[in-house]
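Residue-level listing of the chains:
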Amino acid sequence: MRFKRFGASLLVTGLALLGAASPALAHSELKSSDPARGASLATPPTQVKLTFSGPVTLADDNPIQITGPENASWTVGRAEVAGTVVTAPVKAVGPAGEYTLRYKVTFEDSHAASGSVKFNLSAPAAAPSSQSQPSSQAPASSATPAPQADQTTPEDLVPSWVWIVLAVAVVAAGIVVALRLIRRKD
């Protein structure tokens, strides 16, 4: 009987501690993006917008990149941060197909994060025309970087609250097993 009370109080205490610690365990994450993950666009956007669950700063000088099929690389202007929202102007060029927007930010808790958002362009994005550039002259930025490996973090795949619930379930299961073992010894 004494072990049951001890086990029950241990369970309640453990759950209370986990419940109080869960906000500290949660990292900020990408809440939404424009273009949205998996979106199919008829025309390319002129700006990208990333909204996070907490305030962010830019991780480096090139925090947003967009690449696509046939080594297409969009020109991304200077990104700006307003609290939890990062925006950047973009100039799209490339064929129809799947594009990947990659980002790098640092959250308020100094947690650096990188991730990606994939979307589709259903029509090719034409290169900006330049009247002063003769057709025989190669464009100034003829070399485009090869697409990078997908930098998806675990936070991108599964929201942090799922990990917290899973951790609580594992701890609770451990306590139940421990209580049953103690009960068998009695």
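Small disclaimer: the values here were computed from a predicted structure and weren't measured.

Novice: When you look at the environment of Asp109 in this model, what are you seeing that I'm missing?
Specialist: Relative to the elements of secondary structure, Asp109 occurs in the loop between β9 (97-107) and β10 (112-121). Relative accessible area serves as the criterion here: at 42%, Asp109 is assigned to the partly exposed category. Taking the C-alpha atoms as reference points, Asp109 and Ser28, 81 residues apart in sequence, are found 8.6 Å from one another. A distance of 3.0 Å separates the side chain of Asp109 from the backbone nitrogen of His111, its partner in a polar contact.

Novice: What is the right way to look at the pairing of strand β8 (residues 85-91) in this model?
Specialist: The side chains of a regular strand alternate between both faces of the sheet. As defined by bridge partners, strand β3 (residues 47-52) adjoins β8 across five bridges and the pair is classed as antiparallel. Residue Lys49 lies in a different strand from β8, and its bridge partner there is Thr87. Bridge count between strand β6 (residues 75-76) and β8: two bridges; the pairing is antiparallel. Following the sheet pairing, Val76 is matched in β8 by Val90. Judged from the three bridges that link them, strand β7 (residues 80-82) and β8 form a sheet pairing that is antiparallel. Considered in β8, the bridge of Val81 is made with Val86. Hairpin geometry of β7 and β8 is characterised by an intervening segment of two residues between the two adjacent antiparallel strands and by a positive phi of about 70 degrees at Gly83.

Novice: Hey, could you run me through the pattern of salt bridges in this one?
Specialist: If charged atoms from side chains of opposite charge come close, those side chains can pair. All chains considered together, the criterion is met by one salt bridge. Residues Arg78 and Glu80 are paired through a salt bridge, measuring 3.3 Å at the closest nitrogen-oxygen approach. Under the relative-accessibility criterion, Glu80 is labelled partly exposed at 43%.

Novice: Would you take a moment to explain the pairing of β3 for this structure?
Specialist: Examined bridge by bridge, strand β1 (residues 30-34) and β3 share four bridges and lie antiparallel to one another. Bridged to Ser33 within β3 is Leu50.

Calculation notes
- Residues numbered from 1 in each chain as written.
- Predicted model: local features only at pLDDT ≥ 70, side-chain atom pairs only at ≥ 80, totals over all residues.
- Heavy atoms only, no water.
- Helix = DSSP H or I, 4+ residues; strand = E, 2+ residues; numbered from the N terminus.
- Buried < 20%, exposed > 50% of the residue type's maximum accessible area, 1.4 Å probe, protein only.
- Polar contact = N/O pair within 3.5 Å; in protein donor to acceptor, adjacent residues only side chain to side chain.
- Pairing = 2+ DSSP bridges.
- Salt bridge = Lys/Arg side-chain N within 4 Å of Asp/Glu carboxyl O.

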